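Examining the three-dimensional arrangement
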Amino acid sequence: MYSQGSESLIRQARDIEESELQKFYSRLIKVLKVKEHGHETVDSLQRLHLILSANKYSRQLPAELQKKVSSLLSSPVEQLQVLSSAVLRESSLGLEYNQKNFSPLNSHAAALLLSQVDSRTDLSSYCTQLLRNLENRQSEGLSLTHTLPILNSVITHSPDCLTEDHVTFLSKKFVDWLRYASITQGGGASSGGFFTGPRSRQPPPITELDGTVSGDFFTVLCVGQGFTEDQWMNVYSFSMLRHWLLTYHSVSNGNSTVDTDDRSEVDGSVVSMVSATSSSSRLLPPKERLREKAFQYCQRLIEQCDRKAHKKTDTDLQKACLVEAVCVLDCVCSEDTSLVYRTFPYIKALFGRLSSDLSFARVLLPVAQFYLNHGEVAAVDCDVVWKLVFGRFPAELFNDNFLAHELLRFLRLNLDSLKFRVPQYTHFFPNLLKMLAWNSPALVDEFVDLMPSLVTAGTAVELLHTLLDLPCLSATLVLQLRAASLPIAEAGARGLVPLEAFRNPSFRGLFLFLLRTEAGTGDTIDRLSTLHELLAEAADWPRVVRCAQIVPVMLHVFFNAVIKVADEQLLAHLILVILERSSLLLNIPSYSKEIHRVFSCHLLNLCKLHPSLVVDQSHELLEFAGTTTNVYNKEEIYTHVVWVLGEYLSVSCDSRCSVNLITSCFEALEAVLFEITSSTPPSGGSCPAPRVITTLMSAMAKLASRSHDLIPRVSLFLSKLRTVTRGGSVAWCADEEDLVSIVTRGEELWSLLKTPGVAQSVLTPPSYITEPRWHRDTNMAMPLRLRLLTHLTHSQ
């Protein structure tokens with residue numbers, strides 16, 4: 001909230017009287033009439049802005065004051081431009097574009113004018129006047145340099161406001177600025193001196209980043225002590241070029257005028273040959289000519305980047321220009337496929353030159369995008385590109401956060417294309433997950449979108465194991481970096497035991513499996529418990545703890561995706577993994593509990609979708625449910641396993657469900673229930689949860705209702721339970737209210753089992769009761785009523 005002083009100022013601005021406000025307006029008009037504006041003008045404008053913005057409704061400025069404030073939009077002092085623009089935004093009066101009033105046009109004035117445009121027609125006329133500003137070639141270059149950023153904003157928010165004439169004009173201007181800028185330095189380049197003859201005053205030529213004189217046309221990588229107006233427009237044009245190439249199609253499609261870019265009267269291959277020369281390219285339509293000049297410009301940039309720059313900042317500039325040049329070439333080739341064959345030699349040579357240097361990884365991602373978009377057209381082998389992008393990048397640069405975001409953005413934008421053209425990318429999921437393991441909180445959204453594409457019938461089981469071992473992978477990545485930076489004999493290093501284990505050859509295989517780059521070498525680690533012991537000290541490392549916190553989220557996404565691609569055999573295997581891995585998790589506080597909660601949720605979903613899974617995996621489920629220790633240390637998942645057995649172990653769910661299977665399940669649950677209700681909890685352990693006991697009783701009652709021979713046995717236990725609890729508290733339940741709830745549930749089940757027919761219909765209701773189809777049954781009145789209501793609601 002605001003500070004006490006700020007609230008006081010806002011309150012004063014809101015409570016100002018009209019008479020005092022008019023006096024303030026008069027004083028401000030006098031202040032603005034002075035030629036030179038100082039601190040008093042700034043303070044007055046700030047107060048005026050506060051008064052206007054603090055009121056709920058807009059106040060209308062006097063016409064004279066509004067005119068004076070509007071004139072400040074052209075002030076050479078940027079602070080006055082900002083304040084005047086802010087004041088006029090808060091006022092209720094509109095403005096009209098007038099080149100005399102706003103000369104030179106700056107971004108603050110343009111933003112104000114754009115904010116007050118009411119219709120597409122007004123915006124289009126405003127763009128027309130902006131383009132006239134470009135055509136007039138004013139002596140002051142400031143207005144021209146501001147025009148392109150303004151047009152870029154207009155195109156971003158409303159590309160359909162431009163007409164086809166606008167598109168043609170701008171395309172021609174881009175060609176002039178990109179290709180025909182002057183190649184001599186600007187006026188500030190002369191060093192002066194005693195000898196100032198005509199020859200010495202001649203502006204020197206521009207140079208390359210390595211200091212040599214440039215022998216070709218001007219680009220953003222040319223160096224000079226000063227730049228001319230057309231050179232600045234060259235820089236602005238290149239920065240806006242890709243956006244323009246991506247946008248002007250929607251510009252022309254949004255208008256009824258005929259598109260002038262009808263290629264040519266000749267075949268595309270002939271057009272490509274004609275475009276090869278600069279002189280004949282003048283015969284092309286504006287859009288094709290712009291594509292040709294953009295191709296030449298990017299080709300020259302790629303050649304300029306081969307030069308060794310003297311400064312590190314220039315090296316960074318070369319990388320940035322390479323990224324933009326490849327992206328522009330990608331756009332150009334997407335519009336005209338005939339340019340693909342001319343462009344690919346440059347892209348292939350660029351990839352060959354940079355692929356061995358991972359410092360150019362940011363540049364290689366647009367190169368990979370080019371291969372993905374046009375590799376099939378050019379019929380080139382792209383495997384080496386994917387091995388680099390999906391193999392080396394995550395393996396060696398997993399700790400580069402910027403590259404991780406860029407790579408994941410590349411994947412998210414191209415998921416459909418990757419599935420179709422690079423299906424093998426899913427096998428690199430162990431590598432891609434390294435970025436999630438290293439920087440978990442920042443990449444959750446990206447992997448939530450990416451995870452469904454990684455889940456296939458061939459990768460599901462291994463992917464599940466890998467997600468569960470993600471905290472181990474996080475710890476291993478930390479150890480990998482520490483092992484590379486710390487001496488082997490360093491003492492007192494944090495995490496010394498895990499570091500020694502990482503360097504120990506006998507355990508090297510465990511860590512190498514976690515650090516594998518591709519899937520297919522195995523589902524999980526045989527000595528998983530050994531690995532967890534070695535990484536015990538890493539359980540409290542902040543990076544490992546944060547990684548463990550996002551694993552449940554990823555598991556939810558995984559299970560929601562796997563049910564769409566897996567058959568029953570694969571789902572049965574996943575149930576085995578759930579039961580097995582419930583006890584094989586890195587010992588992080590609350591981690592096991594969260595994983596068990598996720599397992600429980602999706603175990604129910606899997607069995608609900610395919611009830612026959614319970615019969616298929618009955619042996620493993622019964623083994624899990626018959627282990628008494630699971631009651632105490634796996635309460636969540638144990639409860640759901642018992643519920644699944646009682647709910648779906650029925651002939652109505654699977655005809656293979658025999659009486660012997662029901663009986664064996666009943667006996668296993670009976671033994672566990674008898675043991676936990678007739679003995680004290682293990683030393684140091686808590687009492688079994690009341691939900692576990694009631695679930696066991698309910699499951700036994702359900703099974704007994706399907707095999708009536710079991711009813712006396714469960715009834716005997718329930719009657720004994722009521723007798724035992726009459727004596728007061730018992731050792732296996734510490735809370736009296738919980739004990740009452742357990743006994744109440746037992747009495748309800750006992751009463752139901754006295755009438756087996758009723759018990760079966762209540763405990764195992766038929767499907768037409770649990771899933772009614774009244775809206776589909778033609779013999780019922782419900783469909784008629786629904787159709788009538790639908791007709792009434794749709795008739796209006």
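Thresholds applied
Residues numbered from 1 in each chain as written. Predicted model: local features only at pLDDT ≥ 70, side-chain atom pairs only at ≥ 80, totals over all residues. Heavy atoms only, no water. Helix = DSSP H or I, 4+ residues; strand = E, 2+ residues; numbered from the N terminus. Buried < 20%, exposed > 50% of the residue type's maximum accessible area, 1.4 Å probe, protein only. Contact = heavy atoms within 4.5 Å. Areas by Shrake-Rupley, 256 points an atom, 1.4 Å probe, with all protein chains shown as cover. Phe/Tyr/Trp six-rings, centres within 6.5 Å; stacked < 30°, edge-to-face > 60°. Lys NZ or Arg CZ within 6 Å of the ring centre and 35° of its normal. Expected span 1.5 Å × (residues − 1). Salt bridge = Lys/Arg side-chain N within 4 Å of Asp/Glu carboxyl O.

In the nomenclature of an unreviewed UniProt entry, the protein is known as Adaptor related protein complex 5 subunit zeta 1 of Takifugu rubripes.

Per the secondary structure count, the protein includes 40 helices and zero strands. Residue burial in the protein is summarised as follows: out of 796 residues, 49% are buried. Considering only residue pairs separated by 6 or more positions, the protein has 74% of its internal contacts joining residues 24 or more positions apart. Per element, the accessible surface of the protein, about 39000 Å² overall, is 53% carbon and sulfur.

Mapped onto the elements, Thr426 comes out in the loop between helix 19 (415–421) and helix 20 (429–438). With sequence-adjacent residues up to four places away left out, Thr426 is seen in contact with Ser453, Leu454, Thr456 and Thr459.

Right, let's talk about the packing of aromatic side chains for a bit. Under the definition given, this model contains 19 aromatic pairs. Here Phe390 and Tyr425 contribute two aromatic rings whose centre-to-centre distance is 5.9 Å and whose plane-to-plane angle is 45 degrees, an arrangement assigned as tilted. With a gap of 35 residues between them, Phe390 in helix 17 (residues 383–397) and Tyr425 in the loop between helix 19 and helix 20 connect regions that are remote in the sequence. The exposure classification of Phe390 matches that of Tyr425, with both residues buried. A ring pair is formed by Phe559 and Phe599, whose centres lie 6.5 Å apart and whose planes are at 90 degrees; its orientation type is edge-to-face. Taken together, the residues span a long stretch of sequence, with Phe559 in helix 27 (residues 542–562) and Phe599 in helix 29 (residues 591–609) at a distance of 40 residues. Cation over ring: Arg300 sits above Phe217, and NZ or CZ is 5.5 Å from the ring centre. Directly above the ring of Phe502 sits Arg508, whose terminal nitrogen or CZ lies 4.7 Å from the centroid.

This next bit is on the environment of Cys733. With respect to the element layout, Cys733 can be found in the loop between helix 36 (711–725) and helix 37 (736–753). In the structure, Cys733 is positioned 56 residues away from Thr677 in sequence and 8.6 Å away in space, judged by C-alpha atoms. Apart from the residues within four sequence positions on either side, Cys733 is in contact with Cys687, Asp738, Leu739 and Ile742.

Turning our eyes to something else, we now look at unusual backbone geometry. For Ser590, which is not a glycine, the phi torsion comes out positive at approximately 70 degrees. Looking at Ser590, the relative accessible area reads 52%, which means it is exposed.

Compared with the 18 Å implied by 1.5 Å per residue over 13 residues, the 19 Å span of helix 5 (residues 78–90) between its first and last C-alpha is a close match. Along helix 5, the residues that are buried comprise Leu80, Gln81, Leu83, Ser84, Ser85, Val87 and Leu88.

A few words now on the pattern of salt bridges. Per the stated rule, a full pass over the model turns up 24 salt bridges. Where Glu406 meets Arg362, a salt bridge forms, and the shortest distance between an N and an O atom there is 3.7 Å. Here Glu406 is found in helix 18 (residues 401–413), whereas its partner Arg362 is found in helix 16 (residues 361–378), with 44 residues between them in sequence. On the basis of relative accessibility, which here comes to 19%, the residue Glu406 falls in the buried class.

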